[in-house]
Each structure stands twice: as structure tokens, then as C-alpha cells.
Amino acid sequence: GAVVSQHPSWVICKSGTSVKIECRSLDFQATTMFWYRQFPKQSLMLMATSNEGSKATYEQGVEKDKFLINHASLTLSTLTVTSAHPEDSSFYICSARWADTQYFGPGTRLTVL
Amino acid sequence: DAKTTQPNSMESNEEEPVHLPCNHSTISGTDYIHWYRQLPSQGPEYVIHGLTSNVNNRMASLAIAEDRKSSTLILHRATLRDAAVYYCILKNSGGSNYKLTFGKGTLLTVNP
């Protein structure tokens, strides 16, 4: 139980384009989901908290107009990286809260050329 | 959330037990101790969590010191698939803040 999926698992895009990443809780409903970013050899950094039916809460230093988060249903949250640039290349990981525990997706590797 | 301190790296041999330590001297009475691990190029995986009593599950055991200022994650028989970064995280049980703050964790290497 408590499985979280992400799609796509990897994506390569050109600079200036937008990329959407999906996060789904497969066997439970999640009112709260989280988006993290991880650069090579570094730990996970929380970008934002996504609550179903309301606006996301962004961490300090994360541009909300660049990283658009939508949590329209209890099983789906999406992260859109708008006008992507090479410095946005990273490993993006989502998690979904169930009871007192977070369950993580497998991650999405974004490469911006 | 209170801070945790873990060794940067540890090494073990296959099929031997591994004890991964975590210090959390500023832990509060309502902080749960959570352990996650992250295999290369994957998202973190929940391992175990506890409050005061020792906990066991199919993956590992969690031993919590009586004063709760430290804890130890125990892998009873390490396998090559246990090579990962292990994160010890404190999570307050109160309020609506469900965020997890990841530190650097411990990189566990398992030798065949």
C-alpha cells in the first residue's frame, strides 16, 4: 500500500519551454502533497506544500510564478516548470501524506538544454 | 523541527548487522523519530518511525534511547540492496505542519 507514482520519469526540454510533472497517489487519497528538488550530491530541498483544493504554500526563495502547482484532486498534484532554463535541471520528487507518514514518488529527472 | 546529527558515511559487510546512529539532543516530547532511505536515482523510501518505545517492522528495527536524545536504526542482515543514504528526521506530531526537513543523512556502503 501507499504507492506514489510520477510521470514522466525523465524529460529533456529546450530552454524557454514549459514542462509538467504529475504526481499520483495510487491507492490512497492525499489531501497534502509535497514537491522537492534535489541537485547532484545534495539532499532533498522542499519547494512547496500542495493542499487539495487550495493554493500551494511555497518555501522561501522558490518562485511561485515559475513553479506552478495544481492539486485539483485527492490523488493528483502537478508541478509545471515554466520557461525552463538550464539551472532548473534537477531531480524533482513528490510525496503524499498518509496518516503521519510521507510516501515518495520515484522522481523525475529534468534536463533543460 | 529539531535538528539531527548523523555520520556522513558508514560501511558494512553483506549479511552482517548494521547500526546507524542518530543524535537528536534537542528533541521535544512530541517529536516522532522518522527514518527514510534513498537508493541511487530514486525517491526516498519510508523505513520506520517511533516515539518512545523500540519499534520493529519487516525492514528494520528502531532503538530509541531512554532519554530520547539518540536513536539507532538497525538493519539485521545487510544486503547489497540496502546500500543507500539513510535519513533520520524529527517530525512534530502536533499542529498542521507535515513538512519533513532532510539533512545530509548517512551514506551506507555494503561490501559483498
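## Side note on the state of the cysteines
All names here are of chain A.
Inference 1: Per the counting criterion, the structure on display carries 2 disulfides over all chains.
Inference 2: Residue pairing for C23: its cysteine sulfur links by disulfide to C94, the two sulfurs lying 2.0 Å apart. The S-S bond linking C23 to C94 shows a torsion near 80°; that makes this disulfide right-handed. Pair noted here: C23 is in strand β3 (residues 19-25) and C94 is in strand β9 (residues 90-98), with a separation of 71 residues, a long-range link. Like C94, C23 is buried.
Inference 3: You can see C13 has no disulfide; the closest cysteine sulfur is in C94, sitting 18 Å from it.

## A look at the interface of chain B and chain A
Inference 1: Contact residues are listed per partner, giving 17 residues for chain B and 19 residues for chain A.
Inference 2: Of the roughly 1,400 Å² buried at the junction of chain B and chain A (both faces included), carbon and sulfur atoms supply 56%.
Inference 3: For the pair chain B and chain A, the number of links is 1 salt bridge.
Inference 4: In this structure, B:K99 engages A:E59 in a salt bridge whose closest nitrogen and oxygen atoms are separated by 3.1 Å.
Inference 5: Counting every contact that joins chain B to chain A gives 5 residue pairs in polar contact (both at pLDDT 80 or more).

## Quick notes on the pattern of salt bridges
Residues and elements named next belong to chain B.
Inference 1: For the coordinates displayed, the defined rule picks out 6 salt bridges over all chains.
Inference 2: Of the charged contacts in the structure, one is a salt bridge between E15 and R77, with a shortest N-O distance of 3.3 Å. Here R77 lies in the loop between β7 (70-75) and β8 (84-92) and E15 lies in the loop between β1 (9-13) and β2 (18-23), a separation of 62 residues in the sequence. You'll find E15 and R77 in the same group, each marked exposed.
Inference 3: The closest approach of N and O atoms between D82 and R37, which form a salt bridge, is 2.8 Å. Linking D82 in the loop between β7 and β8 with R37 in strand β3 (residues 31-38), this pair joins segments that are 45 residues apart in sequence. For the pair D82 and R37, one class covers both residues: buried.
Inference 4: Salt bridges here are not isolated pairs; linked through shared partners, they connect R37, E45 and D82.

## Concerning the sheet that holds β8(B)
All names here are of chain B.
Inference 1: Read across the open sheet, the 5 strands follow the order β1-β9-β8-β3-β4; overall the sheet is mixed. The open sheet is flanked by β1 and β4 (45-50), the only strands paired with a single partner. In this sheet, neighbouring strand axes are inclined to one another by 25° on average, regardless of whether the strands run parallel or antiparallel.
Inference 2: The sheet contact formed by β1 and strand β9 (residues 106-111) spans 5 bridges and is parallel. In the sheet register, N13 faces β9, and the bridge partner there is N111.

## Description of empty space enclosed by the protein
Inference 1: In total, this model carries 1 cavity of 30 Å³ or more according to the counting rule given.
Inference 2: Empty space within the largest cavity amounts to approximately 50 Å³.
Inference 3: In terms of lining, the largest cavity is formed by A:R97, A:D100, A:T101, A:Q102, B:H34, B:K91, B:Y98 and B:L100.
Inference 4: Tallied by class, residues from the lining of the largest cavity come to 2 nonpolar, 3 polar and 3 charged.

## Looking at the packing of aromatic side chains
Residues and elements named next belong to chain A.
Inference 1: A full pass over the atoms with the stated rule returns 12 aromatic pairs over all chains.
Inference 2: Geometrically, the ring pair formed by F28 and Y103 is edge-to-face, given 6.3 Å between the ring centres and 65° between the ring planes. Pair noted here: F28 is in the loop between β3 and β4 (32-38) and Y103 is in strand β10 (residues 101-104), with a separation of 75 residues, a long-range link.
Inference 3: The class for F28 is buried, based on a relative accessible area of 8%.

Each value, and the rule that gives it
- Residues numbered from 1 in each chain as written.
- Chains lettered and ligands numbered in written order.
- Predicted model: local features only at pLDDT ≥ 70, side-chain atom pairs only at ≥ 80, totals over all residues.
- Heavy atoms only, no water.
- Disulfide = S-S within 2.5 Å.
- Helix = DSSP H or I, 4+ residues; strand = E, 2+ residues; numbered from the N terminus.
- Buried < 20%, exposed > 50% of the residue type's maximum accessible area, 1.4 Å probe, protein only.
- Contact = heavy atoms within 4.5 Å.
- Buried area = accessible area lost by both parts, 1.4 Å probe.
- Salt bridge = Lys/Arg side-chain N within 4 Å of Asp/Glu carboxyl O.
- Polar contact = N/O pair within 3.5 Å; in protein donor to acceptor, adjacent residues only side chain to side chain.
- Pairing = 2+ DSSP bridges.
- Axes fitted to C-alpha atoms, helices over the stretch in contact; angles between N-to-C directions.
- 1 Å grid on protein atoms, 1.4 Å probe; cavity = no way out; pocket = protein on both sides within 12 Å on 5 of 7 lines; lining within 4 Å.
- Points joined across faces, edges and corners; volume = space filled by probe spheres on them.
- Nonpolar A, V, L, I, M, F, W, Y, C, P; charged D, E, K, R; others polar.
- Phe/Tyr/Trp six-rings, centres within 6.5 Å; stacked < 30°, edge-to-face > 60°.

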